[in-house]
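# Fold and geometry: a report
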Amino acid sequence: MVKTNSLITNYLTIYNSIQTVGWYYVIFLMVWRSLNLGFLPSLQTTYISLGSTVCFLQLLAFLEILHVLLGFTKSSLIPTLSQVFGRNHVLLVALAYTPEVQQHWGVWLMFFIWGVSELIRFPYYLYGNNSPKLLTWLRYNAFIVLYPLGFGAENVLWYKMLPVILERRIHFIDMPNQFNFAYNYYYFLLVWITLTLLVFPQQYMYMFKLRAKKMN
């Protein structure tokens with residue numbers, strides 16, 4: 001932490017605790033449902049059962065941008081923006097409006113990967129400098145597997161959502177209108193997905209640099 005006054009420390013503790021408990025609930029319920037309902041039925045109803053909880057946790061994640069801007073944490077701004085906006089785009093802007101895709105197995109995989117990664121990250125923040133060695137190791141090594149899997153799950157969902165978005169013209173602005181402005185969300189997504197694919201290797205290598213610095 002950059003600032004050390006007790007108010008900020010207590011606030012960050014509360015925030016990290018809420019996220020930890022929330023993601024514990026998500027992962028626990030995903031596993032419980034898989035064991036009790038059967039894996040396939042649980043896959044198909046993951047969004048119905050847990051979508052609102054995950055959306056709430058991801059909305060809270062916007063606070064992490066403020067944490068960086070206000071100097072509450074040492075995190076870098078660009079990676080924070082990338083993660084927060086990337087996740088919320090696929091979840092809140094697209095998936096929430098395409099119920100045809102909400103039963104896809106990619107939703108289960110995406111939620112599970114997000115949950116596991118956050119159950120490493122937020123407890124690590126809670127422990128601070130007293131983090132157990134295993135948790136520290138996971139914090140700087142688990143991304144090697146989790147990050148590509150999560151990115152892959154998001155892109156599988158984009159692939160499934162693109163035709164639906166085009167067919168139903170989701171988030172389109174058509175002319176004529178009072179602002180004399182047209183917007184094609186489908187074309188925007190093509191550019192967005194292309195950029196994320198191009199940026200992914202750079203972000204992945206950046207995380208390896210952080211890993212090397214911490215492990216050394």
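Residues numbered from 1 in each chain as written. Predicted model: local features only at pLDDT ≥ 70, side-chain atom pairs only at ≥ 80, totals over all residues. Heavy atoms only, no water.

Taking an unreviewed UniProt entry as the reference, the chain is identified by name as very-long-chain (3R)-3-hydroxyacyl-CoA dehydratase belonging to Dictyostelium firmibasis. According to the UniProt record, the Pathway (unreviewed entry) comment for the chain reads "Lipid metabolism; fatty acid biosynthesis." In its Subcellular location (unreviewed entry) section, UniProt records this for the chain: "Membrane". (UniProt positions renumbered as here; feature names shortened; annotations may be inferred.)

Before going further, it helps to examine the packing of helix H1 (residues 6-37) against helix H3 (residues 46-60). The description of two packed helices rests on the angle between their axes and on the distance between the axes. Look at H1 against H3: their axes get within 10 Å of each other, and the N-to-C directions meet at 165 degrees. Classed by the angle they form, the pair H1 and H3 counts as roughly antiparallel. The interaxial crossing formed by H1 with H3 has left-handed handedness. Of the residues in H3, those in contact with Tyr15, Ile18, Gln19, Gly22, Trp23, Tyr25, Val26, Leu29, Met30 and Arg33 of H1 are Thr46, Ser49, Leu50, Thr53, Val54, Leu57, Gln58 and Leu60. Grouping the amino acids of the contact of H1 with H3 by side-chain chemistry returns 11 nonpolar, six polar and one charged. (Axes fitted to C-alpha atoms, helices over the stretch in contact; angles between N-to-C directions. Helix = DSSP H or I, 4+ residues; strand = E, 2+ residues; numbered from the N terminus. Parallel < 35°, antiparallel > 145°, perpendicular 65-115°, else oblique. Left-handed = near helix turned anticlockwise from the far one by under 90°. Contact = heavy atoms within 4.5 Å. Nonpolar A, V, L, I, M, F, W, Y, C, P; charged D, E, K, R; others polar.)

Right, let's talk about the packing of aromatic side chains for a bit. All chains considered together, the criterion is met by 22 aromatic pairs. Ring geometry for Trp108 versus Phe112: centroids 5.0 Å apart, planes at 10 degrees, classification stacked. Of the two residues, Trp108 and Phe112 are both situated in helix H6 (residues 105-127); the distance of four residues between them amounts to about one turn of the helix. For Trp108, a relative accessible area of 14% gives the class buried. With relative accessibility at 25%, the residue Phe112 sits in the partly exposed group. Geometrically, the ring pair formed by Phe111 and Trp114 is tilted, given 6.2 Å between the ring centres and 35 degrees between the ring planes. Separated by three residues within a single helix, Phe111 and Trp114 lie in helix H6, roughly one turn from each other. Here Phe111 matches Trp114 in class, with each residue buried. Every member of this aromatic cluster is reached through a ring pair, and the members are Phe143, Tyr147, Phe151, Phe200, Tyr204 and Phe208. Between the NZ or CZ atom of Arg121 and the centre of the ring of Phe122, over which it lies, the distance is 4.3 Å. Seen from the ring of Tyr140, Arg139 lies directly overhead, with NZ or CZ sitting 5.8 Å from the centre. (Phe/Tyr/Trp six-rings, centres within 6.5 Å; stacked < 30°, edge-to-face > 60°. Buried < 20%, exposed > 50% of the residue type's maximum accessible area, 1.4 Å probe, protein only. Lys NZ or Arg CZ within 6 Å of the ring centre and 35° of its normal.)

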